[in-house]
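Descriptive analysis of the structure
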Amino acid sequence: MPADVIMPMLGMAQETGKVLRWLKQDGESVHKGEPLLEVETDKVTVEIEAPADGTLAGVRVPEGTEVPVGEVIALVLAEGESAPVADTEPRVVREVEAIAAAPTIEPVTMPSRKRGRLASPKARRLAQERGIDLETLSGSGPNGAIVAADVLERQAPAAVSSVWKVMAERTQRSWQEVPHFYLHRDVDASRLQSWKRVVPQGTSVTDLLIKVCAEALKRHPRVNGGGAVNVGVAVATEDALIVPVVHGADALTLPQISERRRAIAEAARGGRLRPDDVQGGSFTISNLGMYGVDAFQAIVNAPQAAILAVGRTTDRPWVVDGAIVVRPVMTLSVSFDHRVVDGARGAEFLDTLASLIEEPAGLVA
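A brief report on the enclosed structure follows.

Each value, and the rule that gives it
Residues numbered from 1 in each chain as written. Predicted model: local features only at pLDDT ≥ 70, side-chain atom pairs only at ≥ 80, totals over all residues. Heavy atoms only, no water. Pairing = 2+ DSSP bridges. Helix = DSSP H or I, 4+ residues; strand = E, 2+ residues; numbered from the N terminus. Contact = heavy atoms within 4.5 Å. Axes fitted to C-alpha atoms, helices over the stretch in contact; angles between N-to-C directions. Core = buried A, V, L, I, M, F, W, Y, C linked by side-chain atoms within 4.5 Å. Buried < 20%, exposed > 50% of the residue type's maximum accessible area, 1.4 Å probe, protein only. Expected span 1.5 Å × (residues − 1). Parallel < 35°, antiparallel > 145°, perpendicular 65-115°, else oblique. Left-handed = near helix turned anticlockwise from the far one by under 90°. Nonpolar A, V, L, I, M, F, W, Y, C, P; charged D, E, K, R; others polar.

1. Observations regarding the sheet that holds strand E14 (residues 283-287)
Taking strand neighbours across the sheet as the criterion, the six strands line up as E9-E16-E15-E14-E10-E13 in an open arrangement whose pairing is mixed. Two strands bound the open sheet, and with one partner strand each, they are strand E9 (180-188) and strand E13 (245-246). In this sheet, strand E16 (residues 323-337) lies alongside strand E15 (residues 306-320) in antiparallel orientation, the contact comprising 13 bridges. Directly across from Thr314, in E16, lies its bridge partner Val329. Contacts from helix H9 (residues 343-358) reach E9, E14, E15 and E16, with the element oriented near 25° to E9.

This is the structure:
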């Protein structure tokens, strides 16, 4: 049987994906695991691999088209196999047209029903939320179907990427639906800076913070949301803010964390992230210290329960044993989802985090 190439679901809230570029053409030989095409999702651009060895055939979705997740977009034929004779229209289009063409049980004297514009479920929902008449839009999907991007284009400049638009939509939803509360604390970063001086060159402050946060999350599983300790790191790209993940951070050494963080950051900026790179995050770190920001409050990256916002480290007056001295000080701000974490548990987590930064002995590995 031919192996289906489908539009994958790369996130819980994802409904569609856009085919950006076919890396193989119809009729070309492919090998299992070889990149076939690039797909743009609500989070990132990823490469989709061939599901089997064979010949790519039946490519039915052109570049630039957005289709529902789970849709068959091409086939991989084994040696000697031929493509089945089938309608090349996407399933969702065929189903809508079949429903529109089906006879009704109304008397023949009744007026016929008017067929509405072909549109994806997400496009209809967005149009309803924004009060946009689908009849006024041009569809860029298969057979002129209206997709989510067509609705979003009505209220966003053309220069804004679809990744940015979806990111903005998800951020807005999180801000509106998640009851945030914030805790702030200044910490003495002297030991953190000393630690950085003795670790391998190229290790960043963010790497140290991943290590510290992973330990704090182990001690406070409610803040982690339960399960594996997978720390996401906010990375700014030209198109949007992406949060690739350091999986199992609590079980990694500092050199392993640093290597992984560099790899996913470079992949994010180069548009080479894999689906697994952006899935499963349980906590997020957003560090703007390198931009000269003293402190800020971040929006929780739902469905996670908390996010750490880190400002720059600057020399400030600090009281030690009743005397005023100058110490490098860093401001930590943690945003919490109040439905998951209450104030007391949030304060306990922040206290553990601050204590590990001020005295990271035992974490150096």
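Here the narrative resumes.
2. Section: the nonpolar core
Ranked by internal contacts, the top residues of the largest apolar core, which has 48 residues, are Phe283, Ile285, Leu308, Leu332, Phe349 and Leu353. If one sorts the elements of this core by residue count, helix H6 (residues 205-219) sits on top with eight residues. If near-sequence neighbours (up to four positions away) are discounted, Ile285 is found in contact with Leu209, Ile210, Cys213, Val231, Gly232, Val233, Ala234, Leu308 and Val310. Val5, Met7, Ile48 and Ala50 belong to the second-largest nonpolar core, a separate cluster that totals 20 residues.

3. Some thoughts on helix H8 (residues 254-269)
Residues lying three or four places apart along an α-helix face the same way, a consequence of the helix completing one turn every 3.6 residues. End to end, H8 covers 23 Å across 16 residues, agreeing with the expected 22 Å (1.5 Å per residue, within 8%). Buried within H8 we find Leu254, Ile257, Ser258, Arg261, Ile264, Ala265, Ala267 and Ala268. On its buried face, H8 sits against helix H5 (190-198), H6, strand E10 (231-233), strand E11 (235-236), strand E12 (241-242) and E13. One or two positions beyond H8, positive phi appears at Gly271, with a value near 70°.

4. Here we look at the packing of H6 against H8
Running from N to C, H6 and H8 cross one another at 120°; their axes reach a closest spacing of 9 Å. As far as their axial angle goes, H8 and H6 are oblique. The way H6 lies across H8 gives a crossing that is right-handed. The segment H6 lies against H8, with Asp207, Leu208, Ile210 and Lys211 engaging Leu254, Ile257, Ser258 and Arg261. Here the contact of H6 with H8 is built from residues that sort into four nonpolar, one polar and three charged.

None of this, on its own, says anything about what the molecule does.
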